[in-house]
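Fold and contact review
Now for the letters of each chain:
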Amino acid sequence: MRQYELMTIHRPELTEGEYREKVSELGEFLANQGAVNQETDPWGKRRLAYKIDHVSEGYYTVSRFESGPATVDALRRVLSLADEVLRHKVVRPES
């Protein structure tokens with residue numbers, strides 16, 4: 001299993017409760033795929049560095065987890081199809 005870091009930006013139209021629910025659903029998805037969630041850090045609503053689809057702010061979250069490459073591929077597919085996610089990025093942090 002490898003270490004990964006995921007950053008997501010959710011749409012600002014979501015309420016705080018809906019945002020937390022979506023982050024929780026991502027954690028459940030990772031657990032169902034066999035990943036081990038180490039830490040989830042919700043940053044809250046922040047201003048974007050540049051507009052994305054005419055949106056200037058969003059809810060940021062950083063999650064660290066361990067999984068195999070197949071789980072990351074499935075995660076990328078799910079996040080790219082999710083309407084509530086403006087952007088996402090999965091990286092392998094340096095050890």
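A quick note: this is a predicted structure, and the numbers were derived from the prediction, not measured. All residue numbers here refer to positions counted from 1 along the written sequence of the relevant chain. With the structure being a predicted model, the display of local features is reserved for residues of pLDDT at least 70 and the display and counting of side-chain atom pairs for 80 or more, all residues being used for whole-chain, interface and lining totals. Computation of side-chain values: all heavy atoms of the structure, hydrogens and water removed.

**Quick word on the overall build of the protein chain**
We count it as follows: A run of DSSP states H or I qualifies as a helix once it reaches four residues; a run of E qualifies as a strand once it reaches two. Both are numbered from the N-terminal end. Using C-alpha atoms as the atom set, the radius of gyration is obtained and then compared with a globule rule of 2.2 Å times the number of residues to the power 0.38. The buried label goes to any residue with under 20% of its type's maximum accessible area, the exposed label to any with over 50%, and the partly exposed label to all in between, with areas taken from a 1.4 Å probe on protein chains only. Throughout, a contact is declared for two residues whenever any of their heavy atoms are within 4.5 Å. All accessible areas in this document rest on Shrake-Rupley with a 1.4 Å probe, and a residue is counted as covered only by the protein chains that are shown. Here Asp and Glu are counted as negative and Lys and Arg as positive; His is not counted, and neither are the chain ends. Taken as the charge location is NZ of Lys, CZ of Arg, CG of Asp or CD of Glu.
For the protein chain, the count of helices and strands is two helices and four strands. Written out in order from the N terminus, the α and β elements of the protein chain read β-α-β-β-α-β. Here the C-alpha atoms of the protein chain give a radius of gyration of 13 Å, agreeing with the 12 Å that 2.2 N^0.38 yields for 95 residues. In terms of overall dimensions, the protein chain has a C-alpha envelope of 35 × 25 × 20 Å along the principal axes. When burial is assessed residue by residue, the protein chain has 35% of its 95 residues classed as buried. Across the protein chain, every contact between residues at least 6 apart in sequence was considered, and the portion connecting residues at least 24 apart equals 72%. Summing over all exposed atoms, the protein chain offers an accessible surface of approximately 6000 Å²; the carbon and sulfur share of this is 45%. In the protein chain, which carries 14 positive and 16 negative side-chain charges, the distance between the mean positions of the two groups comes to 6 Å.

**Points about the nonpolar core**
The nonpolar side chains of a soluble globular protein tend to be buried with one another. What counts is decided by this rule: To define a nonpolar core, start from buried Ala, Val, Leu, Ile, Met, Phe, Trp, Tyr and Cys residues and group those joined through side-chain atoms within 4.5 Å.
Of all hydrophobic cores here, the largest spans 12 residues; its members are Tyr-4, Leu-6, Leu-26, Leu-30, Ala-35, Phe-65, Val-72, Leu-75, Leu-79, Ala-82, Val-85 and Val-90. Sorting the residues of this core by element identifies strand S1 (2–10), helix H1 (16–32), helix H2 (69–81) and strand S4 (85–91) as the ones contributing at least two each. When residues in this core are grouped by element, the largest group, three residues, is from H2. With residues near it in sequence (within four places) discarded, Tyr-4 still touches Ser-63, Arg-64, Phe-65, Ser-67, Gly-68, Pro-69, Val-72, Val-90, Val-91, Arg-92 and Pro-93. Within the second largest apolar cluster, six residues are counted, among which are Ile-9, Leu-48, Ile-52 and Tyr-60.

**Things to note about the environment of Gly-44**
As for its position among the elements, Gly-44 is in strand S2 (residues 36–52). Gly-44 gets classed as buried once you look at its relative accessible area, which sits at 14%. Sequence spacing of Gly-44 and Ile-9 is 35 residues, and the spatial spacing of their C-alpha atoms is 9.6 Å. Filtering out sequence-adjacent residues up to four positions away, Gly-44 remains in contact with Tyr-19, Gly-58, Tyr-59 and Tyr-60.

**Description of the packing of H1 against H2**
For the record, the criterion: Only C-alpha atoms enter the line fits that serve as axes; for helices the fit covers just the stretch in contact. Angles between N-to-C directions range over 0 to 180 degrees. Here is the rule for angles: anything less than 35 degrees is roughly parallel, anything more than 145 is roughly antiparallel, 65 through 115 is roughly perpendicular, and the remaining ranges are oblique. Left-handed describes a crossing whose near helix is turned anticlockwise from the far helix by less than a right angle; the clockwise case is right-handed. All residues other than Ala, Val, Leu, Ile, Met, Phe, Trp, Tyr, Cys, Pro, Asp, Glu, Lys and Arg, Gly among them, are scored as polar; the first ten of these are nonpolar and the last four charged.
As a packed pair, H1 and H2 sit with axes 10 Å apart at the nearest point and diverge in direction by 150 degrees. With respect to their mutual orientation, H1 and H2 come out roughly antiparallel. Of the two possible hands of crossing, H1 and H2 adopt the one that is right-handed. Taken together, the residues of H2 that come into contact with H1 (itself represented by Leu-26, Phe-29 and Leu-30) are Thr-71, Ala-74, Leu-75, Val-78 and Leu-79. Classifying every residue of the contact of H1 with H2 gives seven nonpolar, one polar and no charged.

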